[in-house]
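Chain by chain, the residues:
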Amino acid sequence: MPSPPSTGSGPASPTTARDDDEAIAASTTHTELPPRPRSSTAALVLATLAVGFTLWATQGLVLPILLAMFFALVGNPIIRGLQRLYVPRFIGALAVLCGGIAITVLLGSQLVEPVGDWMREVPREMRSVAPKLQRMIKPVQEANKAAENIARAAGGENTTKPVQVVKTEANDPYKVLMTTPRLAASVLAVVLLTFFFMVYGANLQKKALALLPGRQQQKLTVEILQSIEREISRYVLTITVINFVVGLVFAGALMLLDVPMPEALMWGTMAALLNFAPYVGPLIGIIVMLLMGFVSFDEPLQSLLPAGIYLLLHTLEGQIITPIVLGKRMAISPLMLILALMVSGWLWGIIGLLLAVPLLVCVKLVLERIEGLDGWARLLE
């Protein structure tokens with residue numbers, strides 16, 4: 001006669017009891033694991049301040065490396081194009097570097113004379129600009145003087161001006177002698193580092209990636225870094241070409257206004273360099289062009305033409321040409337751009353202003369490629 005089926009009220013078998021005990025122990029062990037420690041806000045703030053101070057204190061070492069990486073990114077697309085024509089990378093890098101140095105020396109030789117003339121004539125020219133500006137703002141000055149006289153008469157203030165003490169500073173020739181070799185060493189370091197980054201940068205990247213554990217992880221990281229390097233190189237080269245064209249067009253427009261060619265090239269070069277720093281660079285350029293217009297021309301309307309042409313070119317480039325060429329993927333929030341310009345300008349001066357935007361774009365592209373950090377990339381848009 002078959003035995004009746006067992007119910008849940010009966011005693012459990014040894015195997016079932018052992019499995020239940022192991023499951024309970026596992027769940028208890030899992031829940032009793034201590035949480036992973038997280039850095040406090042104070043520690044993050046201190047780490048950020050420490051990194052910022054280190055970047056500022058070591059700018060003599062950091063800036064040549066950043067400039068060399070920037071120039072290498074400009075030259076890499078050209079070198080890859082030469083490699084498709086079966087030109088070895090070493091020869092292509094040497095040709096690109098020599099071509100860049102030749103263009104810089106040729107442009108510099110054309111700019112030395114007008115820059116020197118302007119540096120010598122600025123004090124005298126500024127005295128000639130003062131009467132023109134006074135005629136333009138004379139009504140405003142008269143209104144301000146009337147308001148000041150009324151305020152002084154009402155308050156009974158003494159109208160005598162206090163004595164002003166003017167301090168003079170003597171130039172130290174030894175400071176120039178100490179600065180020149182250091183500047184030459186920095187320029188030589190930038191040239192050599194640029195060449196080595198263009199030639200051996202890819203091999204160094206592969207050897208560094210070989211240290212990663214796992215072949216699949218190495219392959220994935222190589223693909224990510226190669227795509228990032230290719231996009232950054234294309235972006236930097238595109239921005240450089242656009243700024244070069246803007247400077248060339250601006251120089252041509254100044255030549256149409258009867259500005260001598262060396263002087264027009266000087267202002268065109270200034271416009272191209274300032275265009276690397278959005279918002280801040282064009283603002284400085286407009287102020288300089290206003291002063292240049294008042295110095296070079298007598299008529300008030302003609303004096304405003306250089307600044308007007310500069311503003312028109314910058315508007316066309318920033319609002320139409322660059323968004324069409326680069327697309328929205330390279331777009332950066334204006335607020336983030338201003339913050340990056342402030343931080344990099346405070347850390348590294350003028351060179352920091354020129355490198356702020358390329359560095360910010362590099363950070364954005366890297367964040368987009370790393371899983372879990374794409375939200376930070378969207379924060380920069």
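Note: the structure precedes this text.
Below, the structure is looked at part by part. (Residues numbered from 1 in each chain as written. Predicted model: local features only at pLDDT ≥ 70, side-chain atom pairs only at ≥ 80, totals over all residues. Heavy atoms only, no water.)

### Some details on the layout of surface pockets
Quick reminder of the rule: Definitions used for this entry: grid spacing 1 Å over protein atoms alone; cavity, a set of points where a 1.4 Å probe fits but cannot get out; pocket, an open set with protein on both sides within 12 Å along at least 5 of 7 lines; lining residue, one with an atom within 4 Å of a point. Grid points are joined across faces, edges and corners, and a volume is the space filled by probe spheres set on the points. Segments assigned H or I by DSSP are reported as helices when at least four residues long, segments assigned E as strands when at least two residues long, and all are numbered from the N terminus. Each residue receives one of three labels: charged for Asp, Glu, Lys and Arg, nonpolar for Ala, Val, Leu, Ile, Met, Phe, Trp, Tyr, Cys and Pro, and polar for the others, Gly being one of them.
The computed volume of the largest pocket comes to approximately 1,900 Å³. Forming the walls of the largest pocket are 46 residues, and the residues nearest its centre are Phe70, Phe71, Gly100, Thr104 and Leu273. Those elements giving two or more residues to the lining of the largest pocket turn out to be helix 3 (59-84), helix 4 (89-155), helix 5 (173-209), helix 6 (215-256), helix 7 (261-274) and helix 11 (334-369). Its residues assigned to classes, the lining of the largest pocket comprises 32 nonpolar, 14 polar and no charged. Considering the residues around the second largest pocket, the lining is formed by 34 residues, among which Met69, Leu73, Gln205, Leu225 and Glu229 are closest to the centre. At the level of elements, helix 3, helix 5, helix 6 and helix 11 are the ones that each hand at least two residues to the lining of the second largest pocket. Looking at the lining of the second largest pocket residue by residue, the classes come out as 22 nonpolar, 5 polar and 7 charged.

### Examining unusual backbone geometry
The backbone phi angle of Tyr86 is positive, close to 65°, even though this residue is not glycine. Locating Tyr86 in the fold gives a position in the loop between helix 3 and helix 4. Despite not being glycine, Tyr279 shows a phi value in the positive range, around 65°. The topology assignment puts Tyr279 in the loop between helix 7 and helix 8 (280-296).

### Quick notes on the nonpolar core
What counts, and what does not: Residues enter a nonpolar core if they are buried and are Ala, Val, Leu, Ile, Met, Phe, Trp, Tyr or Cys, with the set joined through side-chain atoms within 4.5 Å. Residue burial is assigned from relative accessible area. The probe radius is 1.4 Å, only protein chains are included, and a residue is buried under 20% of its type maximum, exposed over 50%, and partly exposed in between. Here a residue-residue contact requires only that any non-hydrogen atoms of the pair lie within 4.5 Å.
Residues Phe70, Ile232, Tyr235, Val236, Trp348 and Val361 are the most contacted members of the largest nonpolar core, which totals 28 residues. Among the elements that take part in this core, helix 11 stands out by supplying 10 residues, more than any other. Leave out the neighbours within four places in its chain, and Trp348 touches Leu55, Gln59, Val62, Leu63, Leu66 and Leu359. If you look at the next biggest cluster of nonpolar residues, it comprises 20 residues, including Met270, Ala271, Leu274 and Leu313.

### Considerations on the packing of aromatic side chains
How two aromatic rings sit relative to each other is given by the distance of their centres and the angle of their planes. Selection criterion: The criterion for an aromatic pair is that two Phe, Tyr or Trp rings (for Trp, the six-membered ring) have centres within 6.5 Å, with stacked assigned to planes under 30 degrees apart, edge-to-face to planes over 60 apart and tilted to the rest.
In the structure shown here, the tally under the stated rule is 7 aromatic pairs. Seen in terms of ring centroids, Phe90 and Phe195 are 5.4 Å apart; in terms of plane orientation they differ by 80°. Their pairing is edge-to-face. Note that Phe90 is positioned in helix 4 and Phe195 in helix 5, a separation of 105 residues in sequence. The class for Phe90 is partly exposed, based on a relative accessible area of 40%. With relative accessibility at 12%, the residue Phe195 sits in the buried group. Cluster of aromatic residues (ring-pair linked, three or more members): Phe90, Phe195, Phe196 and Tyr200.

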